[in-house]
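Read off the chains here:
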Protein chains: 2
Amino acid sequence: MQTNEQEFRQIEQFLTERDDFLVVSHVQPDGDAVSSTLAVGWLLSCLGKNYTMVNEGPIPRRMSYLWHSEQIVDLSETPLQSKYKNVICVDCADFKRVGKSHLIFTDDARIVNIDHHPTNDAYGAINLIVSNAAATVEILFDLIQYMNKPLDHDVATALYTGLLTDTGGFRYSSTSPKVMAIASRLLEYGVDGPGLSEKLLEQMTLPQLRLLTKALNGLQISEDGKISWVTVDDEDMRLTGAIHEDLEGIVNYPRNIQGVEVGLLFKVINENAVKVSLRSAGKVDVARVAQSFGGGGHIRAAGARIEGTLDEIVLHVLEQVKAQL
Amino acid sequence: MQTNEQEFRQIEQFLTERDDFLVVSHVQPDGDAVSSTLAVGWLLSCLGKNYTMVNEGPIPRRMSYLWHSEQIVDLSETPLQSKYKNVICVDCADFKRVGKSHLIFTDDARIVNIDHHPTNDAYGAINLIVSNAAATVEILFDLIQYMNKPLDHDVATALYTGLLTDTGGFRYSSTSPKVMAIASRLLEYGVDGPGLSEKLLEQMTLPQLRLLTKALNGLQISEDGKISWVTVDDEDMRLTGAIHEDLEGIVNYPRNIQGVEVGLLFKVINENAVKVSLRSAGKVDVARVAQSFGGGGHIRAAGARIEGTLDEIVLHVLEQVKAQL
């Protein structure tokens, strides 16, 4: 926090001196995006300011418990006519990530950019980028402390939600001593941490579990036990009644097998295109594999959309992964 | 900690004034039992004392990374001849839980009983029972602080292991602000929290995943969507190559389906006996259901061994659960 003192001061000034804010997060918002939007909204309420919260894309249904989440406008459903000069972007690594939201920025909009992605390109007039933060909510927790606003149950629940989802339930390598100390503080405000974990990380719909079962039935593993993969096609989706977001998490099953270095999910898009998701146990840089197919991502989690038939693509991807082992 | 100051003082005196200790945890030790044993061993090393660590039952294989875990003697494999007068029991809710270990207590043994189970019957000469602690390691963390011994990486890893396993990765209702604050402190000693989460909570062996898949293929759900169950028999175990401990966790899948109040796992023992594991989302007290079949447990997690054929037993258990809904 010390190192970002200047940005904290600038943002405090921006928030207190102006009014009528737009709070924006990235397209297809995830837990940290939604929670960060609401935490900034909460802070603006504390200051007695007017604000509008927008996104391109719906709020994940299982996060509807969040305070004022119903006030976030999904611009892909409900276009707004007003334009905003005072913009706060949260959890958006680059300007493109705001999606359609930029259409309601004025030409001379002043953008505050608050984010934890190391690749953030500092597109704002004020940039508060803390790349060792596990989530954007971690930065907002510090900002709220800096501005001396006492937390309450609503904002604590939002902040905990962002931490939980961006650390995979305190399991990813971003889970620092500070993350756990913040989580401890938030629980003191009566946040139902265990209930949130259940709702956000453990619950599945029946179609989702049926889809997982179908995928696991076709699980394959390489002879040396280092690569494992599953496949899902539209027939599977139709038969189980699953929706797109139900695919999330399936790739962790092949990845979590003892001895497996790379887990893969092949999702057939049509007869001539497949989306592959790649997860690494750490040795293999799957971003490199994904890049060789025109995709991208991180060392341990990457993806690509590849043209070709499923059989061809499985063969090619396995070859590329093997070359990295 | 304040409320247990007297017990802390008594235990400090016991540990510093005596020598040649026996450290014991419960039969079939779990993560908290093993970690607590090792944490007491570590504390005794700090004091320059001699000690022996025993259990009835093997250390779970995935915990072999723990400092000195190979020194814990499995009495069911390696009987000891010596007898011990100074005994520290950890994580044992009653005297029976120490299993065969009591055979190597002297008749006049002085027992220190350190535990977090609310049902602990205070069988020790000194009883440090903290029923709102999430794990016995939480109490030992406090004891180590009380005795002013600076933590190191080894003991911090053991303590974190106990917290992780007894809170299901910071997800059970026992996950208090204090648990998270301790976890934060432990991470500061360089504990690889994410690596431990992966090893202890996420990794599966291939046979284990095959068994899960087999079980999920037979998943059933009641018409009202409130009860869901799976069945496993010896044929499934044989075909997948799974072992007994691979059954753990399967019951969470039916339980975690959205809308399900009670999840069940029926494990066929033989033609005329079935073990049922029951998990509740909170509304139904499954201990009561289990008790009606001669079993027991907690409100949200219980079990029973029932005589009869699988079909009969499924029918009876479903009836009992429905009666509680």
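About the thresholds
Residues numbered from 1 in each chain as written. Chains lettered and ligands numbered in written order. Predicted model: local features only at pLDDT ≥ 70, side-chain atom pairs only at ≥ 80, totals over all residues. Heavy atoms only, no water. Buried < 20%, exposed > 50% of the residue type's maximum accessible area, 1.4 Å probe, protein only. Helix = DSSP H or I, 4+ residues; strand = E, 2+ residues; numbered from the N terminus. Pairing = 2+ DSSP bridges. Contact = heavy atoms within 4.5 Å. Buried area = accessible area lost by both parts, 1.4 Å probe. Polar contact = N/O pair within 3.5 Å; in protein donor to acceptor, adjacent residues only side chain to side chain. Nonpolar A, V, L, I, M, F, W, Y, C, P; charged D, E, K, R; others polar. Axes fitted to C-alpha atoms, helices over the stretch in contact; angles between N-to-C directions. Parallel < 35°, antiparallel > 145°, perpendicular 65-115°, else oblique. Left-handed = near helix turned anticlockwise from the far one by under 90°. Domains from an automatic or database assignment. Least-squares fit on C-alpha atoms with pLDDT ≥ 70 in both.

Looking at an unreviewed UniProt entry, one finds chain A named Phosphoesterase RecJ domain-containing protein and attributed to Fontibacillus panacisegetis.

Chemist: Just to check I follow, could you spell out the pairing of strand 8 (residues 227-232) of chain B for this structure?
Modeler: Two faces belong to every sheet, and in a regular strand the side chains alternate between them. Residues and elements named next belong to chain B. Within strand 8, five of the six residues are buried, which leaves it mostly tucked inside the rest of the structure. Here strand 7 (residues 220-221) pairs with strand 8 via two bridges, running antiparallel. Bridged to Q220 within strand 8 is W229. Between strand 7 and strand 8, which pair antiparallel and follow one another directly, the connecting turn spans five residues, one of which, G225, has a positive phi of 75 degrees. Direction of pairing for strand 8 relative to strand 9 (residues 262-270): parallel, over a ladder of six bridges. In the sheet register, V232 faces strand 9, and the bridge partner there is K267.

Chemist: Looking at this structure, I do not really get the interface of chain B and chain A. What am I missing?
Modeler: The interface of chain B with chain A comprises 39 residues on the first partner and 39 residues on the second. The largest per-residue losses of area from chain B upon contact with chain A belong to B:R171, B:M180 and B:Q258, which jointly make up 19% of the total buried on that side. Scanning the region where chain B abuts chain A turns up 14 residue pairs in polar contact (both at pLDDT 80 or more). When residues of the side of chain B that touches chain A are traced back to their parent elements, those giving at least two are helix 5 (177-187), helix 6 (193-202), helix 7 (206-217) and helix 9 (252-255) of chain B. Broken down by element, the side of chain B that touches chain A gets its largest block of residues, seven residues, from helix 7 of chain B. Across the side of chain B that touches chain A, the residue classes break down as 19 nonpolar, 13 polar and seven charged.

Chemist: What exactly am I supposed to notice about the packing of helix 4 (residues 153-166) of chain B against helix 6 of chain B here?
Modeler: If you want to describe how two helices pack, look at the angle between their axes and the distance between the axes. Residues and elements named next belong to chain B. Relative orientation of the contacting elements helix 4 and helix 6 amounts to 50 degrees, with a least axis distance of 10 Å. In terms of their interaxial angle, helix 4 and helix 6 are classed as oblique. Every pair of crossing elements has a handedness; the one defined by helix 4 and helix 6 is right-handed. In this structure, helix 4 contributes T157, Y160, T161, L164 and T165 to the contact, and helix 6 contributes G193, L196, S197, L200 and L201.

Chemist: Before we go on, may I ask you to explain the pairing of strand 12 (residues 301-307) of chain B in this structure?
Modeler: Residues and elements named next belong to chain B. One ladder, built from seven bridges, connects strand 10 (residues 273-280) with strand 12; its direction is antiparallel. Within the sheet, the bridge partner assigned to K275 lies in strand 12 and is R305. The turn linking strand 11 (residues 296-297) back onto strand 12 is made up of three residues.

Chemist: Help me out: how do you make sense of the domain arrangement of chain A in this one?
Modeler: A common way to express how large an interface is: the accessible area buried when the components associate. Taken domain by domain, chain A holds domain 1 (2-202) and domain 2 (206-324). Here the C-alpha centre of domain 2 of chain A lies 31 Å away from the C-alpha centre of domain 1 of chain A.

Chemist: Explanation requested: the sheet that holds strand 12 of chain B in the structure shown.
Modeler: In any sheet, the strands associate via hydrogen bonds between backbone groups, in a parallel or an antiparallel arrangement. Residue and element names in this part refer to chain B. Strand order in the open sheet made by the six strands is 7-8-9-10-12-11, with mixed pairing throughout. A strand with exactly one partner marks an edge of an open sheet, and here the two such strands are strand 7 and strand 11. Sheet contacts for helix 11 (residues 310-324): strand 8, strand 9, strand 10 and strand 12; angle to strand 9, the most-contacted strand, approximately 155 degrees.

Chemist: Is there a simple way to think about the relation of the copies chain B and chain A in this case?
Modeler: In this structure, two copies of a chain are linked by a rotation about an axis accompanied by a shift along it. Between the two copies, chain B and chain A, the superposition gives an RMSD of 0.0 Å; the rotation angle is 180 degrees and the shift along the axis is 0.0 Å. On the angle and the small slide along the axis, the relation comes out as a two-fold axis. Most of the interface of chain B is mirrored in chain A: 100% of its interface residues are interface residues there too.

Chemist: What exactly am I supposed to notice about the environment of B:E77 here?
Modeler: Residues and elements named next belong to chain B. With respect to the helices and strands, the residue E77 is situated in the loop between strand 3 (73-74) and strand 4 (84-90). With relative accessibility at 64%, the residue E77 sits in the exposed group. With 44 residues separating them along the chain, E77 and D121 place their C-alpha atoms 29 Å apart.

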